[in-house]
Amino acid sequence: MPPTNLRLQFRKKRQQLSKAQQLQASKQVLNTCLQQLSLQQANTVACYLANDGEIDPRCIIEYCWQHNKRVLLPVLHPFSTGHLAFVEYFPNSVMIANQYGIKEPVITSHNICPLADIELIMTPLVAFDAAGNRLGMGGGYYDRSLAPIKRDKLNTQLIGLAHTCQQANALKANHWDIPLHGIATPTQYFKT
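Residues numbered from 1 in each chain as written. Predicted model: local features only at pLDDT ≥ 70, side-chain atom pairs only at ≥ 80, totals over all residues. Heavy atoms only, no water.

Draft legend 1. Inspection of the sheet that holds strand β1 (residues 44-46) at higher detail. Taking strand neighbours across the sheet as the criterion, the eight strands line up as β6-β3-β2-β1-β7-β10-β11-β12 in an open arrangement whose pairing is mixed. Two strands in the sheet have a free side with no partner beyond their single neighbour: β6 (112-113) and β12 (189-191). In the packing of helix α2 (residues 19-36) onto the sheet, contacts are made with β7 (120-123), β10 (157-161), β11 (182-184) and β12, and the angle to β11 comes to roughly 140°. (Pairing = 2+ DSSP bridges. Helix = DSSP H or I, 4+ residues; strand = E, 2+ residues; numbered from the N terminus. Contact = heavy atoms within 4.5 Å. Axes fitted to C-alpha atoms, helices over the stretch in contact; angles between N-to-C directions.)

Draft legend 2. Structural context of the nonpolar core. Ranked by size, the top nonpolar core spans 46 residues in total, and within it L39, I60, I121, M122, L146 and L161 carry the most contacts. With five residues, helix α3 (residues 58-66) is the largest single contributor of residues to this core. Apart from residues lying up to four places away in sequence, L146 is in contact with F86, L115, I121, T123, L158 and I178. Ranked by size, the runner-up nonpolar core spans seven residues in total, among them L6, F10, A127 and A168. (Core = buried A, V, L, I, M, F, W, Y, C linked by side-chain atoms within 4.5 Å. Buried < 20%, exposed > 50% of the residue type's maximum accessible area, 1.4 Å probe, protein only.)

Draft legend 3. Fine view of the side chain of T32. Positionally, T32 belongs in helix α2. Filtering out sequence-adjacent residues up to four positions away, T32 remains in contact with L37, A184, T185, P186, T187, Q188 and Y189.

Draft legend 4. Here's a closer look at unusual backbone geometry. Non-glycine residue D52 carries a positive phi angle of around 60°. Overall, D52 belongs to the partly exposed group, its relative accessible area being 21%. The phi torsion at K153 lies on the positive side, around 55°, for a residue other than glycine. Mapped onto the fold, K153 is located in the loop between α4 (141-151) and β10.

Rendered as structure tokens:
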């Protein structure tokens with residue numbers, strides 16, 4: 001199936017989840033991360049704000065704040081088109097909507113974090129397979145932005161967050177795709 005059709009199919013699945021199912025999934029994916037990842041040891045964690053039915057990492061974000069961890073969110077890079085920058089996020093951060101209508105913290109020279117300083121990055125995805133292949137929204141923002149992790153052999157761990165219904169049998173990997181180190185769902189962790 002072409003990627004465009006796969007995206008539509010899996011986006012529809014996650015959009016059909018009720019608010020109660022989304023909230024329960026958010027709590028359960030935190031438990032998966034606490035049991036299977038080094039979330040407790042990480043000091044700097046990048047997440048995202050859920051959009052379009054994505055699994056909501058708000059419980060992970062709140063856990064990190066409660067445990068004095070530095071929380072970052074991706075923002076559209078102001079000078080490097082097609083790339084993301086990772087910016088500190090606080091409960092009182094001033095937020096603005098980007099060109100896709102997704103809220104992000106206002107970026108300044110003081111709140112941007114170099115990729116090499118991030119221990120754990122939680123990424124959204126549209127679909128995944130057990131081998132760690134990730135199908136994103138198709139814009140390539142994460143693949144371009146996270147390429148230095150692979151190229152420079154950084155220790156940053158990349159973990160995809162997904163609803164169980166987003167698992168595909170197998171996804172085709174492209175040479176530009178940045179592989180994930182694992183995928184956390186509400187019920188399971190896939191180490192890749």
